Amino acid sequence: MESIGVEGEYEKLKAIFLPFITPSHLVPVVDIARIFAMHGVDVTIITTPANAAVFQSSIDRDASRGRSIRTHLVKLPHVPGLPEGVETINATTSKDTGGKLFEALNKTIQTQFQQLFHQYKPDFLVSDMFYTWSVDAAAELGIPRLIYVGGTYFAHCAMDSLERFEPHKKVESDDESFLIPGLPYNMEMTRSQIPVRFKKTDDPFSYLMKMVKESEKRSHGSLFKSFYAFEGAYEELYRKITGTKSWNVGPISSWVNQDASDKGSRGHGKEVEEGKGKVGWLAWLNSKQKGSVVYVCFGSMNSFSATQITEIAQGLEDCGHDFIWVVRKIDEDESRVLVEEFEKRVEGNKKGYLIWGWAPQLLILDHPAVGGVVTHCGMNTVIETVDAGLPMVTWPLFAEQFFNERLLVDVLKIAVPVGATEWKSWSEFGDEIVEREKIAKAISLLMAGEECEKLRRRVKALSDEAKKAIQIGGSSYNSLKDVIQEMKSLKLEKLKKPVT
Ligand code: UDP
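Residues numbered from 1 in each chain as written. Predicted model: local features only at pLDDT ≥ 70, side-chain atom pairs only at ≥ 80, totals over all residues. Heavy atoms only, no water.

Student: What is the right way to look at the sheet that holds strand β11 (residues 322-327) in this model?
Tutor: What holds strands together in a sheet is hydrogen bonding between their backbones, with the strands either parallel or antiparallel. If you walk across this open sheet you meet the six strands as β12-β11-β10-β13-β14-β15, and the pairing is parallel. The open sheet is flanked by β12 (352-356) and β15 (415-417), the only strands paired with a single partner. For this sheet, the mean inter-axis angle between neighbouring strands, taken without regard to orientation, is 20°. When β11 meets β12, the two strands line up parallel, connected through five bridges. Bridging from a neighbouring strand, W325 pairs with L354 of β12. Strands in contact with helix α11 (residues 306-318) are β10 (293-297) and β11; relative to β11, the strand with the most contacts, it is inclined by about 160°. (Pairing = 2+ DSSP bridges. Helix = DSSP H or I, 4+ residues; strand = E, 2+ residues; numbered from the N terminus. Axes fitted to C-alpha atoms, helices over the stretch in contact; angles between N-to-C directions. Contact = heavy atoms within 4.5 Å.)

Student: Hey, could you run me through the nonpolar core in this one?
Tutor: The biggest cluster of nonpolar side chains holds 123 residues, and the ones touching the most others in it are F230, Y295, W325, W395 and F403. With eight residues, helix α3 (residues 95-120) is the single largest residue contributor to this core. With near-sequence residues (within four places) excluded, F403 lies in contact with F154, A155, A158, M159, L162, I180, M187, M189, I194 and P195. In terms of nonpolar packing, the next biggest core, distinct from the first, is built from 35 residues, I32, I69, W255 and M487 among them. (Core = buried A, V, L, I, M, F, W, Y, C linked by side-chain atoms within 4.5 Å. Buried < 20%, exposed > 50% of the residue type's maximum accessible area, 1.4 Å probe, protein only.)

Student: Teacher, can you tell me more about the site of the ligand here?
Tutor: Taken together, 19 residues sit near the ligand, with S24, S300, A359, T381 and E384 positioned nearest. At 2.8 Å, a side-chain N or O of N380 approaches an oxygen atom of the ligand. The residue makeup of the shell around the ligand, split by class, is seven nonpolar, nine polar and three charged. (Near = heavy atom within 4 Å. Polar contact = N/O pair within 3.5 Å; in protein donor to acceptor, adjacent residues only side chain to side chain. Nonpolar A, V, L, I, M, F, W, Y, C, P; charged D, E, K, R; others polar.)

Student: I keep staring at helix α2 (residues 49-64) and nothing clicks. Help me out?
Tutor: The periodicity of an α-helix, 3.6 residues per turn, causes residues three or four places apart in sequence to face the same way. For α2, with 16 residues, the first-to-last C-alpha span of 21 Å sits near the 22 Å given by 1.5 Å per residue. Along α2, the sharpest change in direction is near 60° and occurs at F55. Residues N51, A52, V54, F55, S58, I59 and D62 constitute the buried set of α2. Considering only its buried residues, α2 is in contact with α1 (23-38), β2 (42-47), β3 (69-73) and α9 (260-265). (Expected span 1.5 Å × (residues − 1). Bend = angle between axes of the 7 residues up to and from the residue.)

Read these as spatial facts, not as claims about activity.
Okay, structure coming up:
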């Protein structure tokens, strides 16, 4: 038996990051990878060409800043029935294609990924929660696996309580409210607002989430992207109920995207055509009064029926405030014609501005003319909006968004609910139509009056805390330093182990 010389060796950490293929998982995992590189870790991100195209310009900029970071491309294998060139799950992906992509990733590409682990010899792995297989791959290599968990600690605590106590099974109807036990506040929900997996055990997502939880328990720890002042009580509760280690390293988007070029090109930003022949969004915002514009965006996965789109358009026109509305690509003729006519009208009278497809969200949230946000409560947008110090109208749609709404409205009191009551799958319209009156009323409360002042004060205080969290000595800064130090200690232990 002999011992390896380890002087200095353990300081140099090498990590592999595995982001998932939906924009809202890809974007934060890449941002976290970039934060690790910013703090001296050698980072390799493994993904497919179309997904890399979404973030490569940021990686190139980081590399030119002297950071040790790169992308390794892996071609997505052909799976029967999967259209050529489709590598991302987003609002336009059908359930069937989503399933095929998942199959390609989890069955076939896994082998290629694992070969790369042997080639790069990382000291640790950071995997998206949906690559459950990577927990075994890390164990085989004898290295720690950190798991990126999407969503708030708050939502995960609430979902854990639903699993344990099943309060939703003790009510008579879908719209009767029940208490979610075991949380620091009396959280009430209705059965219609909770994800389908709690109601149908044969839901495929229910099985996947069980695997995710199982793989989280077997990981070294988890990474979250919020910050202590935002949901500290739930961060502590989460650790207690799951018995896992976790590090909260947010808000990541402002931490790593510090200049306008980073902010503007994030996600599909480079595809945004400034203006398309009309005045650009920036010039339009520059012409508006401070805090006067409401920004309306439902993330990257939403789809609405023609009736719902009509109600949104009318609600925006009726609310009396200027707005930017981000509209996803619309295939149905009926909805598209309607929105195009609406666009002409509101841009003519300078009341509104429509962005088709992808908005440079970080830049818009930073603009002084923006005074509030209508959001579907996707976790990334929530944190970015709080970081920007803007109050919200909450309009949850799917995933864990109804839980996030409760945190924003009841606990932090920085948002006004639009009054949505129906959870739906991301690929479905659902039955509920939120009417124009509700939309206009919620925006009016958000943008003016006594309540608005209170919301703005509270969210400004949280925004200040968000800024402190990522400064030297701040909670997320310390958290990042801790996890890096822990990875170094594990490496040192391994290096010191006698070779048999
Ligand atoms: N995003 C953006 N422009 C868009 C839509 C989304 O920059 O037009 C970014 C947004 O800043 C956030 C992410 O994409 O970082 C969306 O994630 P979120 O969790 O808010 O919603 P999801 O897409 O999962 O529904």
